[in-house]
Amino acid sequence: KKLPDPKKLESLAVCRLFKSPDNPVLWERYGDNYRGFVVELDGGHSYFMHPKHKEQPQVLRPVTYSNERPSVKARVQPFPSLFYRGEGWSFEQEVRLVRPKESADKVANAGHQDFYLFNFPPGLVKQVITGCNASPEDRKQLKQLLSVDLRYKKVKQANLWLDPDLFELHVKPA
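Read on for a plain summary of the structure. Nothing here was measured: the structure is a model prediction, and the numbers come from that model. (Residues numbered from 1 in each chain as written. Predicted model: local features only at pLDDT ≥ 70, side-chain atom pairs only at ≥ 80, totals over all residues. Heavy atoms only, no water.)

Notes on the side chain of Glu 92
Point 1. If you trace the backbone, Glu 92 turns up in the loop between β7 (84–85) and β8 (94–100).
Point 2. With a relative accessible area of 1%, Glu 92 lands in the buried category.
Point 3. When near neighbours in sequence (up to four residues on either side) are disregarded, Glu 92 contacts Arg 16, Phe 18, Lys 19, Asn 23, Leu 26, Arg 29, Tyr 30, Tyr 65 and Arg 85. (Helix = DSSP H or I, 4+ residues; strand = E, 2+ residues; numbered from the N terminus. Buried < 20%, exposed > 50% of the residue type's maximum accessible area, 1.4 Å probe, protein only. Contact = heavy atoms within 4.5 Å.)

The following block contains the structure:
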């Protein structure tokens, strides 16, 4: 089986998005153990739907979960290895947005690693959900930030709550 060439992937930026804002494993792993926040985006917004961004190609596609590694002839093209993960990761319900790094609006460096940043229209943001373990100070700062910036003043704010009886999380308006 011929595997995709990883060098071809070096010129691409990958944005990992997840379908469910109340997934406990994602909050533990990526949400600083429930102390962070989630920005819920409008998945049907034209920002995602165009095949190009700044005249460069972009691909938005859900990840396929399979225990078989993709080959160069995989049904998901281009760059099949970017859109496959093992079945053990299926709980993430991930969607990936892939663009060339050269179309980034800004490059930031942190810890000897480059991060490729892309501007997005404010209307893309539907809601901001604050984790149930967020500090009162972090909650206050986030609320203030959203109320001061006129572009995000109408964005819904919500809080994450642990269900007292079930192993579930709930998103409730702030």
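So much for the structure itself; the text now carries on.
Comments concerning the side chain of Arg 99
Point 1. Residue placement: Arg 99 occurs in strand β8.
Point 2. At 6.3 Å, Asp 105 is the nearest oppositely charged side chain to Arg 99, a buried residue that forms no salt bridge.
Point 3. At 3.4 Å, the side chain of Arg 99 and the side chain of His 53 are in polar contact.
Point 4. If we ignore the near neighbours within four places in the chain, the residues touching Arg 99 are Ser 11, Leu 12, Ala 13, Tyr 47, His 53, Pro 57, Gln 58 and Phe 118. (Lys, Arg positive; Asp, Glu negative; His and termini not counted. Salt bridge = Lys/Arg side-chain N within 4 Å of Asp/Glu carboxyl O. Polar contact = N/O pair within 3.5 Å; in protein donor to acceptor, adjacent residues only side chain to side chain.)

Quick notes on unusual backbone geometry
Point 1. Non-glycine residue Asp 32 carries a positive phi angle of around 50°.
Point 2. Within the element layout of this structure, Asp 32 appears in the loop between α1 (24–30) and β2 (37–41).
Point 3. Here the phi dihedral of His 112 falls at roughly 60°; this positive angle occurs in a residue that is not glycine.
Point 4. On the accessibility criterion, His 112 (83% relative accessible area) is exposed.

Regarding the sheet that holds strand β5 (residues 59–62)
Point 1. Strand order in this open sheet of 3 strands is β1-β8-β5, and the pairing throughout is antiparallel. Every other strand in the sheet has two partners, leaving β1 (12–18) and β5 as the edge strands with one partner each. Averaged over all pairs of adjacent strands, the angle between strand axes in this sheet comes to 20°, irrespective of strand direction.
Point 2. Taken together, the 4 bridges between β5 and β8 define a ladder with antiparallel strand orientation. Bridge pairing links Leu 60 to Leu 97 in β8. (Pairing = 2+ DSSP bridges. Axes fitted to C-alpha atoms, helices over the stretch in contact; angles between N-to-C directions.)

Some words on the packing of aromatic side chains
Point 1. Scanning the model with the defined rule gives 4 aromatic pairs in all.
Point 2. With 5.5 Å between their ring centres and 15° between their planes, Phe 18 and Tyr 30 make a pair best called stacked. Of this pair, Phe 18 sits in strand β1 while Tyr 30 sits in helix α1, placing them 12 residues apart in sequence.
Point 3. The class of Tyr 30 is partly exposed, set by a relative accessible area of 39%.
Point 4. A ring pair is formed by Trp 27 and Tyr 34, whose centres lie 6.5 Å apart and whose planes are at 0°; its orientation type is stacked.
Point 5. On the basis of relative accessible area, Trp 27 is assigned to the buried category, the value being 2%.
Point 6. Judged by relative accessible area, Tyr 34 falls into the buried class, the value being 10%.
Point 7. When the ring centre of Trp 89 is taken as origin, the NZ or CZ atom of Arg 85, which lies over that ring, is 3.8 Å away. (Phe/Tyr/Trp six-rings, centres within 6.5 Å; stacked < 30°, edge-to-face > 60°. Lys NZ or Arg CZ within 6 Å of the ring centre and 35° of its normal.)

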